[in-house]
Amino acid sequence: MKVLVFPRDGNPYQELLHAGLREGGVRVRYLGELTPFHTLNLLLLPAELAARRLAGARIVHLHWVWKFALPGGARTARVAQLWFAAVLVVVRLLGLRLVWTAHNVLPHRPVFADDAAARRTLVRRCDLVIAHHSAALERLAELGAVPSRAVVIPHGPFPAPPMPPPGRSGGPRTFLFFGRIEPYKGVEDLLAAFAALPGGLDVRLVVAGACPDPALAARLEASAAADDRVELRIGRVAEEDVAGVFAAGDVVVLPFREITTSGSALLALAHGRPLIVPAALAGLPSAAVTRFRGGVAGLTAVLREAAGWDAARLAGMSQAGLEHANGTGWAEIAHATRNGYTTALRPRDRVVRTGERVPAGTAGGRMGARVRSLFRNVLVRGTFLLLVNTVLLAAGGFVFFTLAARNYPVAAVGWLTAVTASVNLLSTVASLGLPTTLLRHLVKAGDPRRLAATAVIAVGAIGGVLALLSLLVLAPLLPGGPELIRQPGTIVLVTALVMVTAVGGTLDAGLVAVRGTGALLTKNVAGTVLKVGALLPLVPLGFTGLVLAYGGGTLLACLLGGAALWRRLRRPEGARARPGELLRRYLPFSAAGYLATALGMLPSTVVPLEVLAVRGPQAAAYFAIAFQVAAFLNFIPSTSAQVLFAEAQRISLRRYLRKAVAGIYGLLVPAVAVIVAGAPYILRVFGEGYAAQAARPLRVLALAALVGAGNYLVDTILISRDRTGAYVFMNGANAVLVLGLVAALLPYGLTAAALGWTLAQGLSLLLGAGVLVASFATGRRAKAGGRRARVSGADR
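It should be emphasised that the depicted structure is a prediction, and the values quoted were computed from it without experimental measurement. (Residues numbered from 1 in each chain as written. Predicted model: local features only at pLDDT ≥ 70, side-chain atom pairs only at ≥ 80, totals over all residues. Heavy atoms only, no water.)

1. Here we look at the pattern of salt bridges
Argument step 1. Throughout the structure, instances matching the rule amount to 14 salt bridges.
Argument step 2. For Arg52, the salt bridge is made with Glu48, and the minimal N-O distance between the two is 4.0 Å. Taken together, the positions of Arg52 and Glu48, both in helix H3 (residues 45-54) and 4 residues apart, correspond to about one turn of that helix.
Argument step 3. Of the residues examined, Arg52 reaches a relative accessible area of 23% and is grouped as partly exposed.
Argument step 4. Take Glu48: its relative accessible area is 4%, and that puts it in the buried class.
Argument step 5. One salt bridge in this structure joins Arg92 and Asp127, with 3.7 Å as the shortest N-O distance. Pair noted here: Arg92 is in helix H4 (residues 77-93) and Asp127 is in the loop between helix H5 (115-125) and strand E5 (128-131), with a separation of 35 residues, a long-range link.
Argument step 6. By relative accessible area, which is 32% here, Arg92 ends up partly exposed.
Argument step 7. For Asp127, a relative accessible area of 3% translates into the label buried.
Argument step 8. When salt bridges that share partners are traced, they join Arg92, Arg97 and Asp127 into one network. (Salt bridge = Lys/Arg side-chain N within 4 Å of Asp/Glu carboxyl O. Helix = DSSP H or I, 4+ residues; strand = E, 2+ residues; numbered from the N terminus. Buried < 20%, exposed > 50% of the residue type's maximum accessible area, 1.4 Å probe, protein only.)

2. Considering the packing of helix H10 (residues 263-270) against helix H12 (residues 311-325)
Argument step 1. Put simply, H10 and H12 touch, their axes get as near as 7 Å, and they point 115° apart. Note on packing geometry: the crossing formed by H10 with H12 is left-handed. Along the contact surface, H10 presents Leu266, Leu269 and Ala270, while H12 presents Gly321, Leu322, His324 and Ala325.
Argument step 2. Residues of the contact of H10 with H12, tallied by class, amount to 5 nonpolar, 2 polar and no charged. (Axes fitted to C-alpha atoms, helices over the stretch in contact; angles between N-to-C directions. Left-handed = near helix turned anticlockwise from the far one by under 90°. Contact = heavy atoms within 4.5 Å. Nonpolar A, V, L, I, M, F, W, Y, C, P; charged D, E, K, R; others polar.)

3. Topic: the sheet that holds strand E2 (residues 27-30)
Argument step 1. Spatially, 6 strands are ordered E2-E1-E3-E4-E5-E6 in an open sheet, and the strand pairing comes out parallel. On the outer flanks of this sheet lie E2 and strand E6 (150-152), each paired with one strand and no other. In this sheet, neighbouring strand axes are inclined to one another by 25° on average, regardless of whether the strands run parallel or antiparallel.
Argument step 2. Direction of pairing for strand E4 (residues 97-101) relative to E5: parallel, over a ladder of 3 bridges. (Pairing = 2+ DSSP bridges.)

4. Details of the sheet that holds strand E12 (residues 289-292)
Argument step 1. Across the sheet, 6 strands lie side by side as E9-E8-E7-E10-E11-E12; this open sheet has parallel pairing. Each edge of the open sheet is held by one strand with a lone partner, namely strand E9 (230-234) and E12. Put simply, the sheet's adjacent strands are angled 25° from each other on average, direction ignored.
Argument step 2. Taken together, the 2 bridges between strand E10 (residues 251-253) and strand E11 (residues 275-278) define a ladder with parallel strand orientation. Within E11, the residue paired with Val252 across the bridge is Leu275.
Argument step 3. Those strands touched by helix H11 (residues 295-306) are strand E7 (173-178), E10, E11 and E12, and its axis lies near 150° from that of E12.

5. Things to note about unusual backbone geometry
Argument step 1. That bond from Phe6 to Pro7 is cis: its omega, -10°, falls within 30 degrees of zero.
Argument step 2. With respect to the helices and strands, Pro7 occurs in the loop between strand E1 (2-6) and helix H1 (12-23).

6. Describing helix H7 (residues 187-195)
Argument step 1. When we look at burial in H7, the residues that qualify are Val187, Leu190, Leu191, Ala193 and Phe194. Buried residues along H7 cover an arc of 165° about the axis, so they all sit on one side.
Argument step 2. Packed against the buried residues of H7 are E7, strand E8 (203-209), helix H8 (214-225), E9, E10 and H11. (Arc of directions from axis to C-beta.)

7. Comments concerning the environment of Val111
Argument step 1. Relative to the assigned elements, Val111 resides in the loop between E4 and H5.
Argument step 2. Along the primary structure Val111 and Ala77 are separated by 34 residues, whereas in three dimensions their C-alpha atoms are 6.5 Å apart.
Argument step 3. Excluding its chain neighbours within four sequence positions, the residues that come into contact with Val111 are Val65, Trp66, Phe68, Ala69, Ala77 and Ala80.

8. Brief notes about the packing of aromatic side chains
The relation between two aromatic rings is expressed through the spacing of the ring centres and the mutual angle of the planes.
Argument step 1. Tallying each qualifying case throughout the model produces 6 aromatic pairs.
Argument step 2. With a centroid separation of 5.7 Å and 65° between ring planes, the pair formed by Tyr13 and Trp330 is classed as edge-to-face. One end of the pair, Tyr13, is in helix H1; the other, Trp330, is in helix H13 (residues 330-344), with 317 residues separating them in the sequence.
Argument step 3. Residue Trp330 is classed as buried on the basis of its relative accessible area, which comes to 12%.
Argument step 4. An angle of 25° between the planes, with centres 4.9 Å apart, marks the rings of Phe84 and Phe112 as stacked. One end of the pair, Phe84, is in helix H4; the other, Phe112, is in the loop between E4 and H5, and 28 residues separate them in sequence.
Argument step 5. Among the aromatic residues, those joined into a ring-pair cluster are Phe6, Phe68, Phe84 and Phe112.
Argument step 6. The lysine or arginine in question, Lys531, covers the ring of Tyr550, its NZ or CZ lying 4.2 Å from the ring centre. (Phe/Tyr/Trp six-rings, centres within 6.5 Å; stacked < 30°, edge-to-face > 60°. Lys NZ or Arg CZ within 6 Å of the ring centre and 35° of its normal.)

9. What about the pairing of E1?
Argument step 1. Among the 5 residues in E1, 4 count as buried, and that is most of the element.
Argument step 2. Examined bridge by bridge, E1 and E2 share 4 bridges and lie parallel to one another. Counted as the bridge partner of Val5 is Tyr30 from E2.
Argument step 3. Each parallel crossover has a hand, and the one from E1 via H1 to E2 is right-handed.
Argument step 4. Relative to strand E3 (residues 59-62), E1 runs parallel, the two sharing 4 bridges. Residue pairing for E3: Val3 is matched across the bridge by Ile59. (Right-handed = clockwise from strand over helix to strand, strands pointing away.)

Written out as structure tokens, the structure is:
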């Protein structure tokens, strides 16, 4: 069992627990330590979680949330809370189980904008909550955070050497506060209560521990200076000196203002020292502890009483404390924790906030059942995840370029834009049509692992050479291209980025084919997070930093995609196919798809150039923005068509085709209606000129998506039934119709050009319907002829 722990803390509790877990076969690894930078480690958490999940991790064990705090304190608390919630969602998407140890009901210091709300979010996401005492679960319930599953596992003992019982020194009664000094621990209250003791009492107070708050340390020093009975030792106590500090004390006082569990209390008991604690601190033996109520006045009264305890009482309390501290060993605690992990791995019952299970017959239960039933449909689930993937990638790209524009020189951002555009174009050249081959043949291949590996190697090697040649030939024709050619390092970097992008696209197709859309989403989120997170630390490197950030995220997504796909592919039962044989078998199919892909790219890349040539640069800008906004509508049919294509290799195409049509238009019609109605308002984001000039073209292009969706389905049907010739013909015909009609209507304005695009899509759909009828009619006649030939042969 592999467990991921976050965060690492200096408290010896973690390593004592993990030592016991490791003896039981649990492999423990800390999260959030990839780099020396706290904020960067936080941003990399989703990527790290994805990588660890692919390596076999099943459990995330969260102890404290203080490490989710961002620089800026209260100003960034809301962002920290949103990121915390996002990380919890990533944990669930990755299929990891979340275990939280509720050391305290709420953080001692504010971490988020609303710590109570963050706690409720955490508990809802948890598969198991571990508490050291049932009182913590009761306090969580009062907060509105009722865990679906919980277990009480006591805090283990801290190692301590034997020492004499308290009260035998013959000197003054010595009270001790030991531990990190923070406002919530109430040390100021202790000094005030001690100062109120009668002057005739033979007492002494020692306060020992580090204080990270300079203002608090100054106040404590001022208070201690007024009372010579107080000894203040501000600073970290070395490990070898801890036992001596406890040996010099008779009674440990922990006047916490807000506490659920205290390691300091257990450390004191392990050293055989009686305790004075607030009444709210549960889980401690009454024979070793005296509790106080009523703030400073109540604490003063208990201190006065403790000053008179005799040696026999102190010895009895010391013995009770030692028995409690050594009652449950770390081996037992580790065993109980491991059992808790096993429980967390089981499916959990859903509970509402009151803690009651949701009955299956209630409206909420029925609605949840309908949603779950809907998402059990692989077409719906796959399309939804691909849509989410597209939206997140678009949002991540927006954030990436926004941060780049704000922190890098304009020239560097301009070069990066040119590089990314070139990479996207050249990666299509480098792909060799093999992504379509994986979509079509991976599921039914006799040796899917060898087929996937051969496709990746071919794309990386042959495709990389083609990309390099394209760069060397085309770059001199572009503005600034000759200077680029004279920089071999940049050429190599861009070529490597093209190869990684092309390989990543091939792996994406494989994941869609094996229904790994969840992994596809996760690895792309991880790559995007790395791109964004690496931007600011790499600012000093300028353009190179931009390329490294962009390329690093792309490479991470590619590696995670490869690992996720490899785990999903079955091993061959017989002899393994040879790479050369696989290429000979599948390259003809890839070549047809390759040509079709190239033809399919022509309309979207050439139409903007037509507008530029006929109407000029200003009109081209207006049309390009409308074109890009309308292009988002195509994500709906394109992603659904990919899933439909993959599923058609398993079962009836006709069965899933009906569902695909219903799903595509169920999403597309409302989206088109929104764009048609809100076109001016959407375009106003880019400027008033765009709203005035591009609103009508945008409306026409949005309506074109309703027709264009049919063309996606026609292409999917043709290629899924190996009608590659018809598939290539349809892409070529669509390119001719679009480019011809747009060119013919462009002189009449941008709206007319958009109408030309729409008419071309409609004519392509009519032509595609005819091709489908003719293609499948020919197939049926061929099958019928074959059957007649077999019957005739049998008669003879």
